[in-house]
Amino acid sequence: MSSMTIGDWVTAVAAMVAAIASVYSAASHWRLRNRELYVSRLSEHLESLSAATHEVMCIAYTTSRKIQSGRFKEAKELVRENEKAQGAIRSLEELKARTRYILPEFDIAFQQLIRINSYLTHCAKDGDRAKQLVEYGNDLRASLDAVVIASMKSGEPPRQELVRNLTANAQKLKDYFENSGNK
């Protein structure tokens with residue numbers, strides 16, 4: 001058995017430090033690559049997501065205003081026959097399917113945004129209820145925007161607090177529609 005000299009120890013320690021640095025560098029590179037991939041996949045849908053959510057909410061707002069002014073028939077026709085409304089809803093449905101694995105947390109948010117204009121047609125004679133539905137829908141859209149912006153900045157899936165807020169806003173819209181009743 002041979003004894004190690006100080007030079008051998010220094011060489012062994014230097015080799016261990018180099019190995020640890022190499023592993024750390026590889027892990028950092030892997031983490032950076034995953035962030036880039038996540039942002040890339042998310043940004044593919046960013047423009048469509050922004051346009052569809054805002055379009056759906058603009059139509060909901062317009063529908064709500066017609067309901068509040070007593071133009072019930074126009075409000076229902078706006079949602080049912082308006083090509084923009086149907087196009088925005090179809091866009092959200094497609095986004096829901098395409099982003100299911102990238103952003104599984106968005107499922108309930110998409111579901112509720114897809115339904116908001118339908119909810120409005122069910123309360124066509126209650127302007128206060130329509131106004132409240134649009135407010136909850138807008139809160140939902142804003143929380144969806146916050147989650148997307150945070151994910152784009154961090155390059156990672158959204159933080160749990162943002163997901164909880166998004167889910168709570170979606171649930172609030174759904175619960176309000178279901179529990180406020182048709183008058």
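These remarks concern the structure in this document. (Residues numbered from 1 in each chain as written. Predicted model: local features only at pLDDT ≥ 70, side-chain atom pairs only at ≥ 80, totals over all residues. Heavy atoms only, no water.)

**What about the pattern of salt bridges?**
Thinking step 1. Counted by the stated rule, this structure contains three salt bridges.
Thinking step 2. Note that Asp 107 and Lys 96 form a salt bridge whose closest N and O atoms lie 3.9 Å from each other. One end of the pair, Asp 107, is in helix α4 (residues 107-122); the other, Lys 96, is in helix α3 (residues 83-98), and eleven residues separate them in sequence.
Thinking step 3. Here Asp 107 falls in the partly exposed class, since its relative accessible area comes to 28%.
Thinking step 4. On the accessibility criterion, Lys 96 (17% relative accessible area) is buried.
Thinking step 5. Across the salt bridge formed by Arg 141 and Asp 145, the nearest N and O atoms sit 2.6 Å from each other. Here Arg 141 and its partner Asp 145 are both found in helix α5 (residues 127-154), four residues apart, which amounts to about one turn of the helix.
Thinking step 6. Overall, Arg 141 belongs to the buried group, its relative accessible area being 13%. (Salt bridge = Lys/Arg side-chain N within 4 Å of Asp/Glu carboxyl O. Helix = DSSP H or I, 4+ residues; strand = E, 2+ residues; numbered from the N terminus. Buried < 20%, exposed > 50% of the residue type's maximum accessible area, 1.4 Å probe, protein only.)

**Examining the packing of aromatic side chains**
Think of a pair of aromatic rings as described by two things: how far the centres are apart, and how the planes are tilted against each other in angle.
Thinking step 1. Tallied over the full model, the rule gives three aromatic pairs.
Thinking step 2. Geometrically, the ring pair formed by Phe 106 and Phe 110 is edge-to-face, given 5.9 Å between the ring centres and 70° between the ring planes. Like Phe 110, Phe 106 is buried.
Thinking step 3. A centroid spacing of 5.3 Å and a plane angle of 65° characterise the contact between Tyr 136 and Tyr 176, whose relative ring orientation is edge-to-face. Linking Tyr 136 in helix α5 with Tyr 176 in helix α6 (residues 160-180), this pair joins segments that are 40 residues apart in sequence.
Thinking step 4. A relative accessible area of 19% means that Tyr 136 is categorised as buried. (Phe/Tyr/Trp six-rings, centres within 6.5 Å; stacked < 30°, edge-to-face > 60°.)

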